[in-house]
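Results of the structural survey
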Amino acid sequence: MGETGAMQSRSRLQTVLATLALHLGAAALIGYFAYHAYTGDHGLLAKRNFEQELQQLENDLEALKAQRAALEHKVSLLAVTQLDPDLLDEQGRRQLDFIHPKDIVLLRNK
């Protein structure tokens, strides 16, 4: 009878240890996947970084669109049908490095 009690307690201990090992293994596996779901290449942090980069690129795109619209407007003012004399004078002076005697010139240090 002494051997049967020892075997039962050993068997019970093995069952408890096996169950504990199974639970710890499952917790470790879940922890591994949870960690990589948060910090991995396609995880939550990467998604947040991609969204921030997307927002920055959209802001850059809007700025470039505004700059393009301003340039298109300036080019349209140089069209032969609606030539703006002031703009023509300004562009001519800038390209030829001429100034009018009544112009005020501001020099800046570079």
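Everything that follows concerns the structure shown earlier in this document.
Throughout this document, residue positions are counted from 1 along each chain, in the order its sequence is written. Residue-level local features of this predicted model are given only where pLDDT is at least 70; pairs of side-chain atoms are given and counted only at 80 or more, and the full residue set underlies all totals for whole chains, interfaces and linings. Where side-chain values are given, they derive from all heavy atoms of the structure, hydrogens and water being excluded.

**Considerations on the overall build of the protein**
The numbering of helices and of strands both runs from the N terminus, where a helix is a DSSP run of H or I of at least 4 residues and a strand a run of E of at least 2. Assigned secondary structure in the protein consists of 3 helices and 0 strands. Ordered by position from the N terminus, the helices and strands of the protein form the series α-α-α. Our radius of gyration looks at C-alpha atoms and nothing else; its globule reference is 2.2 Å times the residue count to the power 0.38. Against the compact-globule benchmark of 13 Å for 110 residues, the protein has a radius of gyration of 38 Å, which places it well outside the compact range. Counting only C-alpha atoms, the protein reaches 120 × 40 × 15 Å along its principal axes. In this scheme, a residue with accessible area under 20% of its type's maximum is buried, one over 50% is exposed, and one in between is partly exposed, where area comes from a 1.4 Å probe on protein chains only. Relative to its 110 residues, the protein shows a buried fraction of 5%. Working note: accessible area of the protein is about 10,500 Å², and carbon and sulfur atoms make up 62% of it. Note that His is not counted, nor are the chain ends; the positive residues are Lys and Arg, and the negative ones are Asp and Glu. The atoms used to mark charge sites are NZ of Lys, CZ of Arg, CG of Asp and CD of Glu. Between the centroid of the 12 positive side chains of the protein and the centroid of its 14 negative side chains there is a distance of 6 Å. Residue-level accessible areas treat just the shown protein chains as cover; the underlying method is Shrake-Rupley with a 1.4 Å probe.

**Notes on the packing of aromatic side chains**
Each Phe, Tyr or Trp ring, with Trp reduced to its six-membered ring, pairs with another whose centre is within 6.5 Å; inter-plane angles below 30 degrees give stacked pairs, above 60 give edge-to-face pairs, and intermediate values give tilted ones. Taken as a whole and judged by the stated rule, the model has 1 aromatic pair. With a centroid separation of 5.4 Å and 75° between ring planes, the pair formed by Tyr 32 and Phe 33 is classed as edge-to-face.

**Digging into the pattern of salt bridges**
Oppositely charged side chains can form a pair if their charged atoms are brought close together. Just to be clear on terms, a salt bridge is a Lys or Arg side-chain nitrogen sitting within 4 Å of an Asp or Glu carboxyl oxygen. Under the counting rule described, the total for this entry stands at 4 salt bridges. In this structure, Arg 93 and Asp 89 form a salt bridge, with 3.2 Å as the shortest nitrogen-oxygen distance. Of this pair, Arg 93 and Asp 89 both sit in helix H3 (residues 85-96), 4 residues apart, which is roughly one turn of the helix. The residue Glu 90 makes a salt bridge to Arg 94 at a minimum N-O spacing of 3.2 Å. You can see Glu 90 and its partner Arg 94 sitting in helix H3, 4 residues apart, about one turn around the helix. Three or more residues are tied together by salt bridges with common partners; here these are Asp 89, Arg 93 and Asp 103.

**Quick notes on unusual backbone geometry**
The phi angle at Asp 97 is positive, at roughly 60°, despite the residue not being glycine. Along the chain, Asp 97 falls in the segment after H3.

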